[in-house]
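Residues per chain, in single letters:
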Amino acid sequence: MTQQLPLPNPEKVKQTVARMRETCRQFDNLNLALDELIAQVEADIRNSPLTAYRLGRVKAVTKSDNS
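Residues numbered from 1 in each chain as written. Predicted model: local features only at pLDDT ≥ 70, side-chain atom pairs only at ≥ 80, totals over all residues. Heavy atoms only, no water.

## Side note on the overall build of the chain
Looking only at helices and strands, the chain has 3 helices and 0 strands in total. When the elements of the chain are put in sequence order from the N terminus, they spell out α-α-α. The buried share of the chain, taken over its 67 residues, is 1%. Total accessible area on the chain is roughly 6900 Å²; 59% of this is exposed by carbon and sulfur atoms. (Helix = DSSP H or I, 4+ residues; strand = E, 2+ residues; numbered from the N terminus. Buried < 20%, exposed > 50% of the residue type's maximum accessible area, 1.4 Å probe, protein only. Areas by Shrake-Rupley, 256 points an atom, 1.4 Å probe, with all protein chains shown as cover.)

## Observations concerning the confidence of the model for the chain
Residues at a pLDDT of 70 or more form 82% of the chain, whose mean pLDDT is 86. Mean pLDDT across the elements of the chain bottoms out in helix 3 (residues 63-66) (50) and peaks in helix 1 (residues 10-46) (97). (pLDDT = per-residue confidence, 0-100.)

## Digging into the pattern of salt bridges
Applying the stated rule across the entire model yields 1 salt bridge. As a salt-bridge pair, E22 and R25 come within 2.5 Å of each other at their nearest N and O atoms. Note that E22 and R25 are positioned in helix 1 at a spacing of 3 residues, about one turn of the helix. (Salt bridge = Lys/Arg side-chain N within 4 Å of Asp/Glu carboxyl O.)

## Remarks on helix 1
Spanning 37 residues, helix 1 covers 54 Å between terminal C-alpha atoms, matching the ideal 54 Å at 1.5 Å per step. Measuring from the side-chain oxygen of the N-cap residue of helix 1 to the backbone nitrogen of E11 gives 3.0 Å; that N-cap residue is N9. (Expected span 1.5 Å × (residues − 1). Polar contact = N/O pair within 3.5 Å; in protein donor to acceptor, adjacent residues only side chain to side chain.)

## Overview of a nonpolar patch on the surface
Taken together, the side chains of F27, L30, L34, L37, I38, V41 and I45 make up a nonpolar region of the molecular surface, amounting to roughly 640 Å² of accessible area. With respect to the secondary-structure elements, L30 resides in helix 1. On the accessibility criterion, L30 (45% relative accessible area) is partly exposed. (Patch = residues over 30% accessible without salt bridge, like charges linked within 9 Å, V, L, I, M, F, W, Y side chains within 5 Å.)

Pasting the structure below:
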């Protein structure tokens, strides 16, 4: 024979759902903040002189140019 489990307290279920929704909202806010940070870092990388040099957008200065 199988025992039937008692139904959970409806108030406790409401509290648990509310906490889970708040946790999801906090994770959504964290993901948004991380997306913004990633965008800022990517912009910094794109604007970096080192990146420009590596991509060949900056002409190297040679000794013959300095004469």
